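# Survey of secondary and tertiary structure
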Amino acid sequence: MYLSPSNASLNTVTQGAAGARGNGGAFTEEFLQQHYDDFFEDIYVELEDKYGPVLELNVCENLGDHLIGNIYILFKSEEDAAKCVESLNNRWFDKKPIYAELSPVTDFREACCRQHETSECTRGGYCNFLHVKPCSRELRSKLGLENYGKGRNIKKKSSRHSSSRSRRH
């Protein structure tokens, strides 16, 4: 569901974003982070408002076809996750249908690439473990999230947890 402007040759984000390009025609890091933060905040707030408390929201920055743009959401309750999946399967994003399903992953630590978290993954964006894109420190603070590893965005410990899950891409 998330498509970074730096990974997209032709998408709606790249059109009209000429001012966001630095020397050499590449997007600036500031533009890319702000673009991602805007996306992350919109998704996080909508999920919490419509479906219930979100304990963890992880967005893949992998490039492989089976992972690119996937979003993994851990809800406080399984009922909220099921409600989210049912609703999102009737929605579109960026002119494409959303395909949501419940995921058997209950602990995202096991699904994340440990080498990516230490900036040592030699497989790059085509790794089969999740490369989770982090949101900015300012946005994490605003939303009450903590960051574990390189990118996992988790609700601060002040809330009580139960495990359930949903995947959205």
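Structure: see above.
Read on for a plain summary of the structure. Note that the structure is a prediction, hence the values are computed from the model and not measured.

Okay, helix H1 (residues 29–51) next. The first and last C-alpha atoms of H1 sit 32 Å apart over 23 residues, in line with the 33 Å expected at 1.5 Å per residue. For H1, every residue scored as buried is listed here: Leu32, His35, Tyr36, Asp37, Phe39, Phe40, Ile43, Tyr44, Leu47 and Tyr51. One or two positions beyond H1, positive phi appears at Gly52, with a value near 130 degrees.

On to the pattern of salt bridges, then. Any two side chains of opposite charge can pair, on the condition that their charged atoms come close. Per the counting criterion, the structure on display carries seven salt bridges. A salt bridge links Asp94 to Lys96; the shortest N-O distance between them is 3.9 Å. For Lys96, a relative accessible area of 45% translates into the label partly exposed. For the salt bridge of Arg114 with Glu110, the shortest nitrogen-to-oxygen distance reads 3.7 Å. On the accessibility criterion, Arg114 (45% relative accessible area) is partly exposed. One network of salt bridges, with partners in common, ties together Glu46, Lys50 and Arg91.

Attention now goes to the nonpolar core. Counting 25 residues, the largest nonpolar core has Phe40, Leu47, Leu57 and Phe75 as the members making the most contacts within it. Those elements giving two or more residues to this core turn out to be H1, strand E1 (54–59), strand E2 (71–75), helix H2 (78–88) and helix H5 (137–143). For this core, the element with the highest residue contribution is H1, accounting for seven residues. Ranked by size, the runner-up nonpolar core spans 10 residues in total, among them Leu55, Cys60, Cys112 and Leu130.

Evaluation of the coordinates by the stated rule reveals seven aromatic pairs. Residues Phe40 and Tyr44 carry aromatic rings whose centres are separated by 6.2 Å and whose planes lie at 10 degrees to one another, so their mutual orientation is stacked. Linking Phe40 with Tyr44, this pair stays in helix H1, spanning four residues, or about one helical turn. Both residues of the pair, Phe40 and Tyr44, belong to the buried class. In textbook terms, an aromatic cluster arises when at least three aromatic residues are bridged by ring pairs, as seen for Tyr2, Tyr36, Phe39, Phe40, Tyr44 and Phe93. One cation-aromatic arrangement involves Lys133 over Tyr36; the distance from NZ or CZ to the ring centre is 5.2 Å.

Here is what the cut-offs are and how they apply
- For every chain, the first residue of the written sequence is number 1, and numbering continues from 1 onward in sequence order.
- pLDDT decides what is reported in this predicted model: residues at 70 or higher carry local features, side-chain atom pairs at 80 or more are listed and counted, and totals for whole chains, interfaces and linings draw on all residues regardless.
- Hydrogens and water molecules were not included; the side-chain quantities draw on all heavy atoms of the structure.
- Helix and strand definitions here come from DSSP, where helices need a minimum of 4 consecutive H or I residues and strands a minimum of 2 consecutive E residues; each element is numbered from the N-terminal end.
- By definition here, a helix of n residues has an expected span of 1.5 Å times n minus one.
- To sort residues, take the accessible area from a 1.4 Å probe on protein chains only and compare it with the maximum for the residue type: under 20% means buried, over 50% means exposed, and anything in between is partly exposed.
- The rule for a salt bridge is simple: a side-chain nitrogen of Lys or Arg has to be within 4 Å of a carboxyl oxygen of Asp or Glu.
- Throughout this description, the term nonpolar core refers to a set of buried Ala, Val, Leu, Ile, Met, Phe, Trp, Tyr and Cys residues connected via side-chain atoms within 4.5 Å.
- Note on aromatic contacts: the rings of Phe and Tyr and the six-membered ring of Trp form a pair at centre separations within 6.5 Å, being stacked when their planes are under 30 degrees apart, edge-to-face when over 60 apart, and tilted otherwise.
- Distance and angle both matter: a charge sits over a ring if NZ of Lys or CZ of Arg is within 6 Å of the ring centre and within 35 degrees of the ring normal.

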